[in-house]
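The residues making up each chain are set out below.
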Amino acid sequence: MKTFNLFKRQKNEIPFPQLRDMLDYYPPSDSAIDPITWADLNMDDVYAKMEETLTAQGDEALYYSLHNPVFEPEKLHKRSAAVKALTDQPQERERLRENLKKTGRLRYDFRRSIQEDFHLSARDKFLYQLGPLALLLLAALMIATKNWNIILLLLIVILFNGGLHYKFSKKYEAQIDTLAYTYKLLNFCRLYQKNAFFQEYGLADYYPPLCQTHKDISFIFQLESLDFAADYLNILFLFKERRYVSIAKKLAPKADLLFRLYEITGQMDMHQAMSVFFTENTKPVCTPTFIGQTEKRIQFKQLIHPLLSAPVANDLDIKTSLVITGSNMSGKSTFLRTLGVNVLLAQTWNFAYAAEMTLCPLHIITSISLQDNMAEGKSYFLQEADAI
């Protein structure tokens, strides 16, 4: 039975520009789909339909996978096996989903924040140390000398520290959010590093060196979970800010380990998402048969477009070049898009919207919806030339 996913986003809620930027962090591929072809095939809409991911890294992993066809059947079968393992164990998959929801999505670029943003000015570092020290010294001086006039200075320092605390939350909002995300990411990895079902993902190889970092970060967020009085102590003595200064120095050297955990959890999220997608899909799909490169052929029966509510199915056996003709609005472009989308899905996730499909390895290149682009100073002719 289809369940309603409160975490599934509509297309207008998905930050596609940010996802496109994230592709630069992944290794380039000779088989990658170019931007024109991606747009021609309406792949952002296809992605939105398939998206059942729950984390930022899962979004990235799925988006990247759809951009990069795989020509080795063994790799596709391995990807399919990971999805099937979760489909066969729905309780394990649902537990995974619940824990991924606790990690959630980060609004900022995780990698850039870890590598570049965790740097405080020397002035801020000095003030975060000076504020609590001044408070302690004035309090001790007042008690030792019994000069109660010092309480005025104490109030000034308290207000000063409160101002520092407020400005810290505003000035370093992105870094604080990234640190909170890192904390949730490490919580997830600690939970799953010894889980036998997910052992092949390799979390156990990367989490142990980050145990101490995890403990250091947890101190900040444990402070936030304490009672009202503890929160005031945090403001007075800037515990959070001073611990942040300490942690900021340690994150950059651990960046590669953090990025690897980020990518592994993205793979886990992507696999569970595809498992949910296949479980809830109501349209007919098949597992394609791949033939060698020596035989140039693509054959299919009852092929449909996944985005159409009432699609017309097509049968065809192509062994040579093909010219498609017809009047305007007769479905030529729709057929080409149907073919392109299904070939891409076959070579990325080992399925097609058809009764059956056989194909050889295919590079997908289209030029369907080109038009003048005044912003880039490109005419229709130049757009066509660039596509070629």
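In every chain, residue numbers begin from 1 and rise along the written sequence. Given that the model is predicted, a residue must reach a pLDDT of at least 70 before its local features are reported, and side-chain atom pairs must reach 80 or more before they are shown or counted; all residues, however, enter totals for whole chains, interfaces and linings. In computing side-chain properties, one takes all heavy atoms of the structure into account and sets aside hydrogens as well as water.

1. With respect to the packing of helix α8 (residues 122-145) against helix α14 (residues 239-251)
- To define axes, lines are fitted to C-alpha atoms, for helices over the stretch in contact only, and angles between the resulting N-to-C directions are given on a 0 to 180 degree scale. Here a helix means four or more residues in a row that DSSP labels H or I, a strand means two or more in a row labelled E, and each is numbered from the N terminus. Here α8 crosses α14 at 140°, and the two axes come no closer than 10 Å. With respect to α14, the element α8 is oriented oblique. Handedness of the crossing formed by α8 with α14: left-handed. Each of K125, Y128, Q129 and P132 in α8 lies in contact with α14, whose residues at this interface are E241, R242 and V245. Note on angle classes: values under 35 degrees are labelled roughly parallel, values over 145 roughly antiparallel, values of 65 to 115 roughly perpendicular, and the remainder oblique. Note on convention: near helix rotated counterclockwise from far helix by under a right angle means a left-handed crossing. Clockwise means right-handed. Whether two residues are in contact is decided by their heavy atoms, any of which lying within 4.5 Å being enough.

2. Comments concerning the pairing of strand β4 (residues 356-359)
- As paired elements, strand β1 (residues 289-290) and β4 share 2 bridges and run parallel to each other. From the neighbouring strand, F290 faces β4, where its bridge partner is L359.
- In this sheet, β4 lies alongside strand β2 (residues 298-303) in antiparallel orientation, the contact comprising 4 bridges. Note on β4: the bridge partner recorded for I298 is L359. A strand pair is defined by DSSP finding two or more bridges across the two strands.

3. A word on the environment of K249
- Along the chain, K249 turns up in helix α14.
- The spatial distance from the C-alpha of K249 to the C-alpha of H119 is 8.0 Å, given a sequence separation of 130 residues.

4. Details of unusual backbone geometry
- Residues other than glycine seldom take positive phi values, yet N42 does so here, at roughly 55°.
- Tracing the backbone shows N42 in the loop between α2 (35-40) and α3 (43-50).
- Whether a residue is buried, partly exposed or exposed follows from its accessible area with a 1.4 Å probe, protein chains only, as a fraction of its type maximum: under 20%, in between, or over 50%, in that order. Owing to a relative accessible area of 29%, N42 belongs among the partly exposed residues under this scheme.
- For N350, which is not a glycine, the phi torsion comes out positive at approximately 60°.

5. Looking at the confidence of the model for the protein
- The predicted model of the protein has a mean per-residue pLDDT of 87, with 90% of residues at 70 or higher.
- Note on scores: pLDDT gives the predictor's confidence for each residue, bounded by 0 and 100. Considering only residues more than four positions removed or in separate chains, one finds that residues 372-381, a stretch of pLDDT under 50, has 10 contacts.

6. Re helix α5 (residues 73-88)
- The end-to-end C-alpha distance of α5, which contains 16 residues, comes to 22 Å, matching closely the 22 Å that a straight helix rising 1.5 Å per residue would cover.
- Where α5 is concerned, the buried positions are L76, A82, V83 and L86. Projected down its long axis, α5 carries its buried residues within an arc of 120°, all on one side. Seen from the open side of α5, the exposed residues pointing more than 90 degrees away from its buried face are E74, K78 and K84.
- Those residues of α5 that are buried are in contact with α6 (90-103), α15 (255-280), β1 and α16 (332-349). Here a helix's expected span is defined as the number of its residues, less one, multiplied by 1.5 Å. The arc refers to the directions leading from the helix axis to the C-beta atoms.

7. Things to note about the pattern of salt bridges
- The salt bridge definition used is simple: a Lys or Arg side-chain nitrogen within 4 Å of an Asp or Glu carboxyl oxygen. In total, this model carries 17 salt bridges according to the counting rule given.
- One salt bridge connects D59 with R105, and the closest N-O pair in it is separated by 2.7 Å. With a gap of 46 residues between them, D59 in helix α4 (residues 56-67) and R105 in the loop between α6 and α7 (110-117) connect regions that are remote in the sequence.
- Its relative accessible area of 28% is what places R105 among the partly exposed residues.
- Through salt bridges with shared partners, a single network forms among R9, E51, D59 and R105.

8. Comments concerning the sheet that holds β1
- In spatial order, the strands read β1-β4-β2-β3; together these 4 strands make up an open sheet with mixed pairing. The open sheet terminates on both sides in strands that have one partner only, identified here as β1 and β3 (314-318).
- Pairing of β2 with β3, which is carried by 4 bridges, proceeds in the antiparallel orientation. Along β3, the bridge assignment pairs F300 with L316.
- Against the sheet, α16 engages β1, β2, β3 and β4, with an angle of about 110° to β2.

9. Section: the nonpolar core
- We call a set of buried Ala, Val, Leu, Ile, Met, Phe, Trp, Tyr and Cys residues a nonpolar core when their side-chain atoms join them within 4.5 Å. L96, F110, Y128, L179, I217, Y244 and M268 are the most contacted members of the largest nonpolar core, which totals 46 residues.
- Looking at which element gives the most residues to this core, the answer is helix α10 (residues 173-192), with 10 residues.
- If sequence neighbours within four positions are ignored, I217 has contacts with L179, T182, Y183, L186, I247 and L251.
- By size, the runner-up hydrophobic cluster in this structure holds 40 residues, among which are V46, M270, L303 and I304.

10. A short note on a nonpolar patch on the surface
- Surface patches are drawn from residues lacking salt bridges whose relative accessible area is over 30%; two like charges belong together within 9 Å, two nonpolar side chains (Val, Leu, Ile, Met, Phe, Trp, Tyr) within 5 Å. Exposure was quantified through the Shrake-Rupley algorithm and a 1.4 Å probe, taking into account, for residues, occlusion by the shown protein chains and nothing else. A contiguous nonpolar surface patch, about 540 Å² in accessible area, is contributed by I151, L152, L153, L155, I156 and I158.
- Among the secondary structure elements, I156 is positioned in helix α9 (residues 150-171).

11. Describing the packing of α9 against α10
- Interaxial distance between α9 and α10 falls to 5 Å at its minimum, and their mutual angle equals 75°. With respect to α10, the element α9 is oriented roughly perpendicular. When α9 is examined against α10, the residues F168, S169, K170 and K171 are found in contact with a partner set consisting of E173, Q175 and I176.
- The classification used treats Ala, Val, Leu, Ile, Met, Phe, Trp, Tyr, Cys and Pro as nonpolar, Asp, Glu, Lys and Arg as charged, and all other residues, Gly among them, as polar. Here the residues of the contact of α9 with α10 sort into 2 nonpolar, 2 polar and 3 charged.

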